[in-house]
Amino acid sequence: MRPRCGSTAGSERVHLDLYADDAAAQAAEVERPVAPGAGRVDWDRCPPEPDLVVPADTEGNRLHVIDESFG
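Reading the values: rules and limits
- By convention here, each chain's residues receive numbers from 1 onward along its written sequence.
- Confidence filtering applies because this is a predicted model: local features only for residues at pLDDT of at least 70, side-chain atom pairs given and counted only at 80 or more, and all residues used for totals across whole chains, interfaces and linings.
- The side-chain numbers reported here are obtained from all heavy atoms of the structure, hydrogens and water having been left aside.
- Runs of E in the DSSP output that reach at least two residues are strands. Runs of H or I that reach at least four are helices, and both are numbered from the N terminus.
- Only protein chains enter the accessibility calculation, which uses a 1.4 Å probe. A residue is then buried if its area is under 20% of the maximum for its type, exposed if over 50%, and partly exposed in between.
- Contacts are assigned to residue pairs that have any heavy atoms within 4.5 Å of one another.
- Accessibility throughout is a Shrake-Rupley quantity obtained with a 1.4 Å probe, and a residue counts as covered only by protein chains that appear here.
- Salt bridge criterion: a side-chain nitrogen from Lys or Arg within 4 Å of a carboxyl oxygen from Asp or Glu.
- By this rule, a helix spans an expected 1.5 Å times one less than how many residues it contains.
- Contacts described as polar in this section are N or O atom pairs within 3.5 Å, which, within protein, must combine one atom able to donate a hydrogen with one able to accept it, while residues neighboring in sequence count only if both atoms come from side chains.
- Only when DSSP finds a minimum of two bridges between them are two strands counted as paired.

> Would you explain the overall build of the protein in this entry?
Along the protein, the regular secondary structure elements total one helix and five strands. Across the protein, helices and strands are ordered from the amino to the carboxyl terminus as β-α-β-β-β-β. Within the protein, the proportion of its 71 residues that are buried is 28%. Considering only contacts in the protein between residues 6 or more positions apart, those separated by 24 or more positions represent 59%. Accessible surface computed for the protein: about 4700 Å², of which carbon and sulfur atoms make up 50%.

> Quick question: what am I supposed to make of the pattern of salt bridges here?
When the charged atoms of two side chains with opposite charge come close together, those side chains can pair. Tallied over the full model, the rule gives one salt bridge. One salt bridge connects Arg32 with Glu29, and the closest N-O pair in it is separated by 3.6 Å. Taken as a pair, Arg32 and Glu29 lie in helix α1 (residues 23-34) at a separation of three residues, close to a single helical turn.

> What exactly am I supposed to notice about α1 here?
With 12 residues, α1 extends 16 Å between its outermost C-alpha atoms, agreeing within 8% with the 16 Å of an ideal straight helix rising 1.5 Å per residue. Where α1 begins, the capping side chain belongs to Asp22, and its oxygen is found 3.2 Å from the backbone nitrogen of Ala24.

> Could you clarify how one ought to interpret the environment of Ile66 in this entry?
Inspection of the secondary structure assignment puts Ile66 in strand β5 (residues 62-67). In the structure, Ile66 is positioned 40 residues away from Gln26 in sequence and 6.8 Å away in space, judged by C-alpha atoms.

> Looking at this structure, how should I read the pairing of β5?
Residues in a regular strand point their side chains to alternate faces of the sheet. Within β5, six of the six residues are buried, leaving the element largely enclosed by the surrounding structure. What you see with β5 is no split at all: Arg62, His64 and Ile66 on one side and Leu63, Val65 and Asp67 on the other are buried throughout. Across six bridges, the pairing between strand β1 (residues 15-20) and β5 is parallel. Among the inter-strand pairings, Ala20 is bridged to a residue of β5, identified as Asp67.

> How do you make sense of the environment of His15 when you look at a structure like this?
Position of His15 among the secondary structure elements: in strand β1. A relative accessible area of 32% means that His15 is categorised as partly exposed. When the C-alpha atoms of His15 and Arg62 are compared, they prove to be 5.3 Å apart, with 47 residues separating the residues in sequence.

In structure tokens form, the structure reads like this:
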């Protein structure tokens, strides 16, 4: 299993993991919260090619959208 980026304990109120079957499904899942105003989180703890994308809503609540088909 590849290492995933993680969050620091207590750094957020809500954290959800969403799983997508492939990269296309992952992109669609990321677009759902980003379209109405969520941002993307860049973490220095992520590997160079992470298997997840991390959007955060306007209150800072994060999602991990994980591509299960990733290498």
